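# Commentary on secondary and tertiary structure
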Amino acid sequence: MRDFQRIATLIGKEVGIRLPPAKRLMVEGRLRRRLRHLQLETFADYGDYLFRKDGLERELPFLINAVTTNKTDFFREPEHFECMEKVLVPQLLSQRGERAPILKVWSAASSTGAEAYTIAMVLADMIAAKRNFRFAVLGTDISTDVLETGRRAVYPAELVAPVPPGMQSRYLMHARRPSARPEVRIVPELRRTVRFERLNLMDPAYPFDRDVDIIFLRNVLIYFDKQDQAAVITRLVGHLRPGGYLLLGHSESMIGTSITMRQIAPAVFQKV
């Protein structure tokens, strides 16, 4: 129990995620593969390796990968993508007044990339419908494992079930050889519009553009305490252009922050 408390404190400090005692069995379950890889027999041995045998510096990325939650789906909370298509992007284009402007969209907790590629599908369809703009999507996450999945853009076929049939035909490739677990891959044209980078939201500054049009930060703040929530929102809003939008999860809110933003839809806020 003492080593779990030290791990929980470490994860809270490094990435802002709270691990109460009730999460102990979950954490131990996720770390079993690491124990086998390190040829350790017990979690007490793992604690010794981390804290008493100078293994922490080497092990920290693997520990973070193991304990972070990476729940994701294509078209999760679909009303946000409808709002982006019908309200946010048209308003942004009218504000810009440029010929073929580049819209920048940031999926700030992108997990395996389903959200980032959903964004790209919606925007690509808008361009195909003769909307005159270009776009670039940035996906960031702290887990190196999920970022690699996003870069490969290969997913179990059942994961893409929420993607509308027309988009599936346009943006997904099926394996030529059937396998026991069918997989699909995002088409190269769409992959080229999305890039993935590692980012710890607890870092004091983010090395990315400060003229982003839309930032998605959904279903992440619930894992942080109030102080860290406010700090993360403050940093992200600093990367939005005036009039840009921040989208949170439906169970999250801006309550408790000092930032002035205009709410235009459930969990959708505009920088003023």
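Please refer to the structure higher up on the page.
Here is a short report on the structure shown in this document. What you are looking at is a predicted structure, and each value in this text was computed from that prediction instead of being measured.

Calculation rules
- Residues numbered from 1 in each chain as written.
- Predicted model: local features only at pLDDT ≥ 70, side-chain atom pairs only at ≥ 80, totals over all residues.
- Heavy atoms only, no water.
- Salt bridge = Lys/Arg side-chain N within 4 Å of Asp/Glu carboxyl O.
- Helix = DSSP H or I, 4+ residues; strand = E, 2+ residues; numbered from the N terminus.
- Buried < 20%, exposed > 50% of the residue type's maximum accessible area, 1.4 Å probe, protein only.
- Pairing = 2+ DSSP bridges.
- Axes fitted to C-alpha atoms, helices over the stretch in contact; angles between N-to-C directions.
- Contact = heavy atoms within 4.5 Å.
- Polar contact = N/O pair within 3.5 Å; in protein donor to acceptor, adjacent residues only side chain to side chain.
- Left-handed = near helix turned anticlockwise from the far one by under 90°.
- Nonpolar A, V, L, I, M, F, W, Y, C, P; charged D, E, K, R; others polar.

What follows concerns the pattern of salt bridges. Here the structure, examined in full by the defined rule, presents 14 salt bridges. Glu82 is the partner of Lys86 in a salt bridge, and the nearest nitrogen-oxygen pair spans 3.2 Å. With Lys86 and Glu82 both in helix H5 (residues 79-96) and four residues apart, the pair spans about one turn of that helix. On the accessibility criterion, Lys86 (55% relative accessible area) is exposed. Where Glu197 meets Arg195, a salt bridge forms, and the shortest distance between an N and an O atom there is 3.5 Å. According to the relative accessible area criterion, Glu197 is partly exposed, its value standing at 31%. Look at Arg195 and you get partly exposed, because its relative accessible area is 45%. One salt-bridge network, in which partners are shared between bridges, spans Arg96, Glu98, Lys104, Asp209, Asp211, Asp213 and Arg241.

Let us look at unusual backbone geometry. Despite not being glycine, Ser111 shows a phi value in the positive range, around 50°. For Ser111, the location among the structural elements is in the loop between strand S1 (102-107) and helix H6 (114-128). Owing to a relative accessible area of 4%, Ser111 belongs among the buried residues under this scheme. Phi at Ala267 is positive, roughly 65°, even though this residue is not glycine.

Let us now look at the sheet that holds strand S6 (residues 194-198). Strand-to-strand pairing in sheets goes through backbone hydrogen bonds, with the strands running parallel or antiparallel. An order of S6-S2-S1-S7-S8-S10-S9 is seen for the seven strands of this open sheet, with the pairing classed as mixed. Every other strand in the sheet has two partners, leaving S6 and strand S9 (261-265) as the edge strands with one partner each. Each strand axis lies, on average, 20° off the axis of its neighbour in the sheet, ignoring direction. Sheet analysis places strand S2 (residues 134-141) next to S6, joined by five bridges and oriented parallel. The residue bridging Thr140 from the neighbouring strand is Glu197, located in S6. Packed onto the sheet, H5 meets S1, strand S7 (212-217), strand S8 (240-248), S9 and strand S10 (268-271) and runs at close to 175° relative to S8.

Take the side chain of Gln270 next. Note on placement: Gln270 falls in strand S10. At 2.3 Å, the side chain of Gln270 forms a polar contact with the side chain of Arg262. The residues touching Gln270, leaving out its near neighbours within four places in the chain, are Gln91, Gln95, Gly243, Gly244, Tyr245, Met261, Arg262 and Ile264.

Below, the discussion takes up the packing of helix H2 (residues 24-38) against helix H4 (residues 56-67). Running from amino to carboxyl end, H2 crosses H4 at an angle of 145°, the nearest separation of the two axes being 9 Å. Judged by the sense of rotation from one axis to the other, the crossing of H2 with H4 is right-handed. Between H2 and H4, the residues in contact are Val27, Arg30, Leu31, Arg34 and Leu38 and Glu59, Phe62, Leu63, Ala66 and Val67, respectively. Considered class by class, the residues forming the contact of H2 with H4 number seven nonpolar, no polar and three charged.

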